[in-house]
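The chain contents come next:
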Amino acid sequence: MIVILKRDPNPEQLSNLEQWLMLQGIEIHRSEGSSSLILGLVGDTSGVDMDLIRALDIVEDVKRIQEPYKNANRKFHPDDTVIDVGGVKIGGGNFQVIAGPCSVESPEQICGIAKSVKESGATLLRGGAFKPRTSPYAFQGLKAHGLELLLEAKKETGLPIVTEIMDLSQLDLFGDVDVIQVGARNMQNFELLRQLGHSDKPILLKRGLANTLQELLMSAEYIMAGGNSKVILCERGIRTFETATRNTLDISAVPMLRRMTHLPVIIDPSHATGICKLVKPMSLAAAVSGADGLIIEVHNDPAHALCDGPQSLTPDAFGDVMDAVRNVLPFACREI
Ligand code: PEP
Ligand code: MN
């Protein structure tokens with residue numbers, strides 16, 4: 001349920017209303033939007049008398065929220081959420097590009113790529129240290145050492161780092177990580193999501209291989225219910241009957257999610273297609289569709305990458321994508 005207040009509500013009446021709701025076991029989330037103050041009520045609101053609230057002087061309207069996601073719902077928070085990652089703002093018209101290798105492989109590799117993607121305009125550095133691989137015999141990442149190398153690259157370039165957590169047992173190692181990524185395979189690891197809800201770090205939540213947008217938002221809700229509202233959503237392609245591409249990029253997820261939620265939405269054209277030549281057209285589509293950013297895999301030597309070489313761009317190709325994206329951003333459709 002949401003309570004939309006009139007402009008400049010009487011503070012005493014507002015406080016009385018909030019106290020009365022809290023006495024009924026309701027949690028209140030205030031959202032100060034550009035046009036009005038909204039109270040988002042979370043909990044069992046079935047016994048709350050809507051007519052009584054609507055009749056109050058300070059209240060403009062009261063509405064029930066049908067959707068099961070509350071904190072993530074655009075109705076709770078009409079303005080776009082802007083997330084600040086070490087001074088880099090994402091969301092609300094701030095378009096950011098996260099770039100870097102699928103996996104951290106060596107100090108030279110990660111620092112070299114970090115410098116080149118920064119020069120081309122990337123504002124955050126990605127790199128997997130813990131890798132969720134389909135085969136247990138494939139390279140599993142450098143783990144804790146990979147995190148150390150990422151921090152070294154951050155020190156050299158100043159770029160905040162984004163890296164994936166696979167299990168709660170790794171959380172203590174993530175103290176200096178700027179954005180914690182929850183990968184597609186862990187989108188419904190509810191215990192992991194619940195614990196990340198107690199963190200104050202931004203979470204990059206990737207859509208599961210076969211999950212609906214509502215399920216993605218319910219996973220975001222798990223994080224937000226714990227008090228962490230810094231969630232960035234990522235569409236990274238879904239499983240369909242098509243086999244020509246690694247996954248099928250659901251580009252309509254961008255405008256649809258932007259209607260459903262106030263959280264930033266980014267696109268991963270690398271995992272969505274699995275083909276380096278498709279990264280540029282899909283990046284352009286993402287930018288024009290109103291996305292808040294991109295996450296792109298870049299490798300200094302894609303042919304010898306330990307993971308996801310075929311979808312990785314060379315630093316030069318990444319520079320070309322960045323130039324092209326900059327050119328189309330003025331045409332982005334941000335209507336909701
Ligand atoms: C990744 O970003 O390296 C990754 C494994 O992505 P996803 O979880 O989307 O497959
Ligand atoms: Mn990858």
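Reading the values: the criteria
- Residues numbered from 1 in each chain as written.
- Chains lettered and ligands numbered in written order.
- Predicted model: local features only at pLDDT ≥ 70, side-chain atom pairs only at ≥ 80, totals over all residues.
- Heavy atoms only, no water.
- Helix = DSSP H or I, 4+ residues; strand = E, 2+ residues; numbered from the N terminus.
- Expected span 1.5 Å × (residues − 1).
- Buried < 20%, exposed > 50% of the residue type's maximum accessible area, 1.4 Å probe, protein only.
- Contact = heavy atoms within 4.5 Å.
- Polar contact = N/O pair within 3.5 Å; in protein donor to acceptor, adjacent residues only side chain to side chain.
- Near = heavy atom within 4 Å.
- Nonpolar A, V, L, I, M, F, W, Y, C, P; charged D, E, K, R; others polar.
- Domains from an automatic or database assignment.

Take helix 3 (residues 107–120) next. For the α-helix, the turn length of 3.6 residues means that residues three or four positions removed from each other point alike. Over its 14 residues, helix 3 runs 20 Å from end to end, which matches the ideal 20 Å to within 8%, given 1.5 Å per residue. Burial in helix 3 covers these residues: Q109, I110, C111, I113, A114, V117 and S120. Its buried side turned inward, helix 3 meets strand 7 (96–100), strand 8 (124–126), helix 4 (144–157) and helix 10 (315–328). Taken from the residues just after helix 3, G121 is the one with a positive phi, measuring 115°.

Within the secondary structure, K230 is located in the loop between helix 6 (213–225) and strand 12 (231–235). Judged by relative accessible area, which is 30%, K230 ranks as partly exposed. Sequence spacing of K230 and V82 is 148 residues, and the spatial spacing of their C-alpha atoms is 8.5 Å. One polar contact links the side chain of K230 to the main-chain carbonyl oxygen of D200, over a distance of 2.6 Å.

Before going further, it helps to spend a moment on the site of ligand 1. Taken together, the residues surrounding ligand 1 are R126, K131, P132, E164, Q181, G183, A184, R185, K206, R236, H271 and E297. Side-chain polar atom of Q181 to an oxygen atom of ligand 1: 2.9 Å apart, as the coordinates give it. The backbone of A184 places a nitrogen or oxygen atom 2.7 Å from an oxygen atom of ligand 1. For the shell around ligand 1, the class distribution of residues is two nonpolar, three polar and seven charged.

The next thing to look at is the domain arrangement of the protein chain. Each domain of the protein chain was delimited in the assignment, giving domain 1 (2–63) and domain 2 (83–331). Look at where the C-alpha atoms of domain 1 and domain 2 centre, and you get two points 37 Å apart.

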